[in-house]
Amino acid sequence: MKETYAKNAMVFKAFCDERRLRILDLLRGGEKCTCVLIEEMDMPQSSLSYHMKILSDSGLVNARRDGAWMRYTLNKKRTDETLAFFTHITTGKEDCICKKVKSAL
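Residues numbered from 1 in each chain as written. Predicted model: local features only at pLDDT ≥ 70, side-chain atom pairs only at ≥ 80, totals over all residues. Heavy atoms only, no water.

**Q** Looking at this structure, I do not really get helix α5 (residues 76-90). What am I missing?
**A** Three- or four-residue spacings in an α-helix give side chains the same orientation, since the helix completes a turn every 3.6 residues. With 15 residues, α5 should cover 21 Å at 1.5 Å per step; its first-to-last C-alpha distance of 21 Å lies within 8% of that length. Two to three positions downstream of the cap, the backbone nitrogen of Lys77 sits 3.2 Å from a side-chain oxygen, assigning the N-cap of α5 to Asn75. (Helix = DSSP H or I, 4+ residues; strand = E, 2+ residues; numbered from the N terminus. Expected span 1.5 Å × (residues − 1). Polar contact = N/O pair within 3.5 Å; in protein donor to acceptor, adjacent residues only side chain to side chain.)

**Q** What's the story with the pairing of strand β2 (residues 61-66) in this structure? I'm lost.
**A** In the case of a regular strand, side chains alternate between the two sheet surfaces. As judged from the six bridges shared by β2 and strand β3 (residues 69-74), these two strands associate in the antiparallel manner. Residue pairing for β3: Val61 is matched across the bridge by Leu74. Remark: two residues form the turn of the hairpin made by β2 and β3, two consecutive strands paired antiparallel; Gly67 in that turn has positive phi of roughly 70 degrees. (Pairing = 2+ DSSP bridges.)

**Q** For this particular structure, what's the right way to read helix α4 (residues 45-58)?
**A** Compared with an ideal rise of 1.5 Å per residue, which puts 14 residues at 20 Å, α4 spans 20 Å between its outermost C-alpha atoms and is within 8% of the ideal. Within α4, burial applies to Leu48, His51, Met52, Leu55 and Ser58. End-on view of α4: buried residues confined to an arc of 120 degrees, all on one side of the axis. For α4, exposure combined with an orientation more than 90 degrees from the buried face picks out Ser46, Tyr50 and Lys53. Gly59 lies just past α4 and shows a positive phi near 90 degrees. (Buried < 20%, exposed > 50% of the residue type's maximum accessible area, 1.4 Å probe, protein only. Arc of directions from axis to C-beta.)

**Q** What is the right way to read the packing of aromatic side chains from this model?
**A** Given two aromatic rings, one states the distance between the centres and the angle between the planes to describe the pair. Evaluation of the coordinates by the stated rule reveals four aromatic pairs. Measuring from centroid to centroid gives 6.5 Å for Phe12 and Phe85, while their planes differ by 45 degrees, and the two rings are tilted. Within this pair, whereas Phe12 is found in helix α1 (residues 2-14), its partner Phe85 is found in helix α5, the two being separated by 73 residues in sequence. Plain terms: the ring middles of Phe12 and Phe86 are 6.0 Å apart, the flat faces sit at 45 degrees to each other, and that makes the pair tilted. Residue Phe12 is found in helix α1, and its partner Phe86 is found in helix α5; the two are separated by 74 residues along the sequence. One aromatic cluster is present, built from ring pairs that chain together Tyr5, Phe12, Phe15, Phe85 and Phe86. (Phe/Tyr/Trp six-rings, centres within 6.5 Å; stacked < 30°, edge-to-face > 60°.)

What follows is the structure, given as structure tokens:
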């Protein structure tokens, strides 16, 4: 389980920047070329590359080279895993110690 926490911590760190959230929102519409993201985000290529590396390293985004440009897509499997993990850690458990204490009172 410790590995799962570390893996998901990288994802949540990637979420901690409004520009990266906007990039994820843009990728929701399908594959985007670096050139399109640069224009949509109104940022230099070096800044975009920095954010895309974080998103790619977290597993949220897939990257593929297309000539001189990179093309990016959302990693649906990883986003589904992240949603399931977040739901798991924020949903009450039947065997929670807090429920045992309340029933003893």
